[in-house]
Amino acid sequence: MPRGSNQKFKLYYLAKIMLEKTDEEHYITMPEILRELERYEVTAERKSVYTDLKDLERLGIEVEGEQVGKSYHYHVVDRQFELPEMKLLVDAIQSSKFITARKSRELIKKLEGFVSEYDARKLQRQVHVSGRIKAMNESIYYNVDEIHHAIAENRKIRFHYYQWNTKKEMELRRGGEYYCVSPWGLSWDAENYYLIGYDSEAEKIKHYRVDKMLHIQMTEEQREGRELYQKLDLASYSRKSFGMFGGKEEKVRLRVRNDLAGVIIDRFGKEVMMVPGQEGYFTVSVDVNVSSQFFGWIFALGDGMEILGPEWVKEEMKREIGKVMEMYAK
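Residues numbered from 1 in each chain as written. Predicted model: local features only at pLDDT ≥ 70, side-chain atom pairs only at ≥ 80, totals over all residues. Heavy atoms only, no water.

Q: Even after reading the chapter, I still don't get the packing of aromatic side chains, so can you show me in this structure?
A: Going through the model one piece at a time under the given rule, you end up with 15 aromatic pairs. For the ring pair Phe9 and Tyr13, a centre distance of 6.4 Å and an interplane angle of 85° mean the geometry is edge-to-face. Take Phe9: its relative accessible area is 38%, and that puts it in the partly exposed class. Residue classification places Tyr13 among the buried residues on the basis of a relative accessible area of 16%. On the basis of an interplanar angle of 85° and a centroid distance of 5.4 Å, the ring pair of Phe81 and Phe114 is categorised as edge-to-face. With Phe81 in the loop between β3 (71-77) and α4 (83-95) and Phe114 in the loop between α5 (101-112) and α6 (117-127), the pair connects residues that are 33 residues apart, well separated along the chain. On the basis of relative accessible area, Phe114 is assigned to the partly exposed category, the value being 36%. In textbook terms, an aromatic cluster arises when at least three aromatic residues are bridged by ring pairs, as seen for Phe9, Tyr12, Tyr13 and Tyr40. (Phe/Tyr/Trp six-rings, centres within 6.5 Å; stacked < 30°, edge-to-face > 60°. Buried < 20%, exposed > 50% of the residue type's maximum accessible area, 1.4 Å probe, protein only. Helix = DSSP H or I, 4+ residues; strand = E, 2+ residues; numbered from the N terminus.)

Q: So what exactly am I meant to see when it comes to the confidence of the model for the chain here?
A: Predicted coordinates in regions of low pLDDT should not be interpreted in detail. Overall, the predicted model of the chain reaches an average pLDDT of 83, with 86% of residues at or above 70. The lowest-confidence element of the chain is helix α9 (residues 234-240), averaging 61 in pLDDT; the highest-confidence one is strand β9 (residues 213-222), averaging 94. Under a pLDDT of 50 for its full length, residues 126-133 has, in the predicted model, 8 contacts with residues more than four places off or in other chains. (pLDDT = per-residue confidence, 0-100. Contact = heavy atoms within 4.5 Å.)

Q: Can you help me understand the sheet that holds strand β1 (residues 28-29) in this one?
A: In any sheet, the strands associate via hydrogen bonds between backbone groups, in a parallel or an antiparallel arrangement. Across the sheet, which stays open at both edges, the 3 strands sit in the order β1-β3-β2 with antiparallel pairing between neighbours. Whereas interior strands pair on both sides, the edge strands pair on one side only; in this sheet they are β1 and β2 (62-68). Relative to β3, β2 runs antiparallel, the two sharing 7 bridges. Bridged to Gly65 within β3 is Tyr74. (Pairing = 2+ DSSP bridges.)

Here is the structure:
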């Protein structure tokens, strides 16, 4: 039998065939394997393929053969990722606001390479499930990489920070001046990526939306603010900052309707102490950064939640409600 032009790649193409053409529900016979190898210009005899299928186990690809009638059916078992795991990853990518639509398609296409062509079609159907608004700044992937690099090198970074104007144009903040920050960590909150860093000028920890950062450059300066960052509980920091908006930190006492216990737990965790009260309500004291976003969260829950103290927070809530009422009265 004449040798094919790709004979030295025989084991590679055999692995490719088994991974793409088989799974728990789809099998391939020996004549089909030989025909598929011929498509890649690889010639083989049955006996050598039997040996090659066993050799695939050394590459971490376990192939199982099952006799059906007079022939054997072969398929790959124990893949690196199971289909439910892949669907979970695809859904996470698709629902992530900070990943652009184009990058989502690229990542999902790469994930399809970990499953058979049959299961890949199931992942493709998942892609069209959602029409969520996605990020428009594709540099976020390189931003994250640059931030991690600066953290590893213990260096400060500088960058431009932008906002959208009414003309739907990117507008640099601070008149285009660079922000200079000591990067210490990244946080994913409310579907957005945030850089947690130390601002030497303000002498405090701040956060920045990574997808709104442009032209990141690592500087020669060593990072500062290590002690402040080490004292920071990132999980607690995210819970206190609604939508990652800042504000004065305060312990706020709330009166909450019993059926909203899940809302409190989802926001502040199971460790929060809920004190039973009267008429189907309980009270709870939580640390928050008092901001318009916090008041909006309270307001959205209607009569299910009430601020009991401190007094200045109650008064600030009334002012916020007053502003809204005046706006709609005009």
